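An overview of the molecular structure
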Amino acid sequence: MNKRYWAVTVAALLTAAACTAGPSPTPGPTATPVATPTPEPTVGEGEGQLSVLAWPGYVEDGSSDPAVDWVTPFETETGCQVTVQVFGTSDEAFTLYSTAPERFDVVSASGDASLRLVAGGFVQPVNVDLVPSYTEIFDDLKNKDYNTVDGVHYGIPHGRGANVLMWRTDLVQPAPTSWSEMFDPDSPYAGKYSVYDAPIYIADAAVVLMNTKPELGITNPYALDETQLAAAVDLLKAQKPAVGEYWLDYTKQIDSFTNGNTTIGTTWQIIANVLQGAGVKVDVTLPAEGATGWSDTWMINSKTKNINCAYKFLDHITSAEVNIQIAEYFGEAPGNRESCKLAKNPNHCAIFHAAESDYWKKIWYWTTPVADCLDGRTDVKCTDFAAWVKAWQEIKAG
Amino acid sequence: MTMVTSELPPPPPGLGRRSAGWLHRRPAVRLGGLLALPIGWLVVVYLGSLAILLLNAFWTRDAFSGETIYVPTLRNFEELISGPYPRITLRTLVMAAAVTITCGLLALPIGYFMARVASPRIRNVLIVAAIVPLWASYLIKVYSWRLILAEEGILNWALGPLGLKGPGFGDVAVWLVFTYIWLPYMILPVYAGFERIPRSLLEASADLGARSWTTFRRIVLPLVFPALVAGSIFTFSLTLGDYIVPATVSTTIFIGNSIFANFGAGNFPLAAALSLVPLVIVLIYLLIARRLGAFTAL
C-alpha cells in the first residue's frame, strides 16, 4: 500500500479519535493578528508536503472514485504530497482549523468562515501576483468583503453557488416565486418547509425582511443591528412550527424531498440535480427578492511551513482545467472564467449561471456578521456572529 | 574439559525467576501491578476527561475569533438557567421519563412471559429476539424509522386504506424511536428479575388463596421492582444524552442537540457546561436507584 494512504488513514483515525474524545485541554490559538507580513516574493521549490482542509469533493485524489483525481498530477508535478481533511459545515471547518492552528496549510473557506479566520490571525495575506490563475477569476468574485480586508487579499476565489428555492412540482402549485411562501404559517405547505440548519440562515430571513418590511432599513442581510436581528428572529420563530425539517446533511434533504416529508425549501442547485436525476419532480428558482449564497476562497495558514507548496496548490486548484473538474464534480459555478469551455457537460456553466453577473448581483454571499456593520453604518453596532449563534439556538428551541 | 565445567558454581537465577520471587513475597505490589492498567484507564480516561469537561465549563470562547478566554467565569452556568435551556432540560426530562415508563410497561409482560410461561425453546427464541436488534447498527435502526414514519413511508402506506395516518415526524416519533431502541436494555434486567423469583413463593401465595392479580401485585411486582429500576437506569440515561434520534425524526431540540449545536459552533465551554446537566441528573437518578435496590438487580 502506498505510504501516503497510510498517512491519510492514520490521520483519519486520529481525527476520529480526537473527535470522540470531546473537549481536549489543548491550549487555544494564540490569536495575535498577523501584522500584514510581507508575502513571499517568489514561489520557490516545494517543501514536499501539504495539508489541506476542504469541503468534501474539492480535493479528490482518486480515493473516492479512481476517475476523479486532480491531486495526483499536482503531486507528481510539484512533489508536494497532499493530505486532506474534509468538513461538513463552515462552523465545523472553523472549529477544526482554530483548535489546531498549525495543522492545515491551506483551507477552502466559505465567506462565513473566512472573515473569522482573518480576524483570528489564522490565515495570511496572499500575493495574488504569484498565482497566475488569479487573472482568470471572474471579476465579480474579487475584492469581496469575505476575501479582501482593507484592500489586502486573503485568498483566491474558488467557486460559488446560490441558496435557491426548491419545491415539489407535483405537490406545490402554483410554482412559488418568493421566499415568503416559506414564511407563511397559514400556507397549505406549512409543516413541509425544509430549512438550512445553521445560524447563517438568519440572513435568509433578513433577505425576506428587506422586501416585506423596508421600514427596518436592512441594506445587507449580514449587517443587522439589535432591532433588525430581533425582527429576523421573530420571523424565524413564527416559521419554526411550520418547518418539516432542518437540514445540514444534504442527503437528509434529498431523502425528505423524495418521500414528501418536505415539499418546499432552501437548497443548493446540486441537490435539485440529484433529485431530478432520481426522478423526483422538483424545480428550483432564484426568487425575485434575491437569495443568500456562498463563495469559497482558498486561504493559506499564517503559520504554514509549506508556503511554496501552498502557493502552487492555490494556483493548481483554481486553474481553468482543475476548477471546472471540481465545479462539475461538486455541483457549483466555477470561479475561473476560462474554465467553462473545458466542461465535460457543455451546459454546466449555463445550469449554474457561472458567467451571468446579473444573476450573482442578486446573491448575498455568506459573510460572517461582525460588530462593525458591513453595510458601512457607523452610528450603530451590529450583532456579531456570537449573537447569531445564540439567536439560532433560541429559534430552534421553540 | 568435563571436569572444568562441573566445578563451576550453579548459574545465578535469571531475572524472571528473581522478580517472580520478589513479587511472591509482596502481594500488595502484585495486586497493584495487576490493577494499575484497568484502574489507571478508569481514572485517567474516564474521570480525567470529566475533570477536563468541568474545567472547560468555566472558560468562555469568542465565537468570532475562535479564541478561548481562559478567565474563570460563571457565565456559562448563568446561561444554563436563562434563555431556552431550562425549557430544553425540562423537555428532555419529560421525554426520558416517558420513554422509561413505556419501556417498563412493555418489558413487564414480555419479561414475565419469557421467565414464567414460555417453554425453554420459545424463551431462547425470545431472548435472541430481544438481543439481536442490539447487534444492528444504531444509525441503521434510526434511519429505518425515518423510512417507516416518512410522509410517503411504509406506515402511512399501510394505514392509508383504513383512512388513518401515522404520527409523522415530531415528538411522538422521537418517543416511539427511543422506546424501540432502548427496549432491550429494559427487557433483559426485567426478565432476569422474574427469573430470580422462587416459584415456591408463587405457590405459597396461591395456597393462601390469593388470586393471580393479587399475587402479581403483592408478590411479583415488589420483587421485580429493583430490576425495573435497574433497566430504567439505561433507558433514562441513554435518552437523556441522545441527539441523533431527535435530529433524525423531529425538529425538536433536546439537551444532546444543544450540546452538539454549541460544539459545532465552536463554543466548547458552553457545550461543556451543558454536558454537566445530564451528568448531574443521572447522578441524582443513580442515588435514587441505589436506594430502591437497583444495583443488586443489575
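What you see is a predicted model; the values in this text were computed from it and never measured. Here the residue index of a chain counts from 1 through its sequence in written order. Chains and ligands are labelled sequentially in the order written, the chains with letters from A and the ligands with numbers from 1. The predicted origin of the model limits local features to residues at a pLDDT of at least 70 and limits the giving and counting of side-chain atom pairs to 80 or more, whereas totals for whole chains, interfaces and linings rest on all residues.

So, the confidence of the model for chain B
Convention followed: The pLDDT score gives, residue by residue, the confidence of the prediction method on a 0 to 100 scale.
Residues with a pLDDT of 70 or more make up 95% of chain B, whose mean pLDDT is 88. Interface confidence for the predicted complex, given as ipTM, is 0.71, next to a pTM of 0.78.

Some details on the domain arrangement of chain A
Residues and elements named next belong to chain A. Where we set the bar: Delimitation of the domains relies on an automatic or database domain assignment. Only DSSP runs of H or I with at least four residues qualify as helices, and only runs of E with at least two residues qualify as strands; both kinds are numbered from the N terminus onward. Note that Gly is not counted as nonpolar here; it falls among the polar residues with everything else outside the nonpolar set of Ala, Val, Leu, Ile, Met, Phe, Trp, Tyr, Cys and Pro and the charged set of Asp, Glu, Lys and Arg.
Along its sequence, chain A is carved into domain 1 (3–160 + 295–355) and domain 2 (170–280 + 368–397). The element contributing the most residues to the side of domain 1 that touches domain 2 is helix α4 (residues 111–119), with 3 residues. Of the residues contributing to the side of domain 1 that touches domain 2, the split by class is 3 nonpolar, 3 polar and 5 charged.

Digging into the pairing of strand β8 (residues 193–196) of chain A
Residues and elements named next belong to chain A. Basically, it comes down to this: Pairing between two strands requires that DSSP report at least two bridges joining them.
Pairing analysis gives 4 bridges linking β8 to strand β9 (residues 243–247), with the strands arranged parallel. Each residue of the ladder has a partner; that of Y193, found in β9, is V243. Judged from the 2 bridges that link them, β8 and strand β10 (residues 264–268) form a sheet pairing that is parallel. Counterpart to S194 in the pairing with β10 is G265.

A closer look at the packing of helix α3 (residues 27–56) of chain B against helix α14 (residues 268–291) of chain B
All names here are of chain B. The condition that has to hold: Here an axis means a line fitted to C-alpha atoms, over the contact stretch when the element is a helix, while the angle between two N-to-C directions is reported on a 0 to 180 degree scale. Angle categories: roughly parallel below 35 degrees, roughly antiparallel above 145, roughly perpendicular from 65 to 115, and oblique for all the rest. Crossing chirality is assigned from the near helix's rotation relative to the far helix, an anticlockwise turn below a right angle marking it left-handed and a clockwise turn marking it right-handed. Contact between two residues is assigned when their C-beta atoms, built from the backbone, lie within 7 Å.
The geometry of α3 relative to α14 is characterised by a closest axis approach of 7 Å and an angle of 120 degrees between their N-to-C directions. It follows that α3 is oblique to α14 by the angle criterion. Classified by chirality, the crossing of α14 by α3 is left-handed. For the pair α3 and α14, contact is made by L53, L54 and N56 and by F268, P269, A272, S275 and L276, respectively. Of the residues contributing to the contact of α3 with α14, the split by class is 6 nonpolar, 2 polar and no charged.

Quick word on unusual backbone geometry
Residue and element names in this part refer to chain A. The omega torsion of the bond from Q173 to P174 falls at 0 degrees, within 30 degrees of zero and hence cis. Take P174: it is sitting in the loop between β7 (156–168) and β8. The phi angle at N143 is positive, at roughly 55 degrees, despite the residue not being glycine. Here N143 shows up in the loop between β4 (123–124) and β5 (148–149). With a phi close to 50 degrees, D150 is a non-glycine residue in the positive phi region. Among the secondary structure elements, D150 is positioned in the loop between β5 and β6 (152–153).

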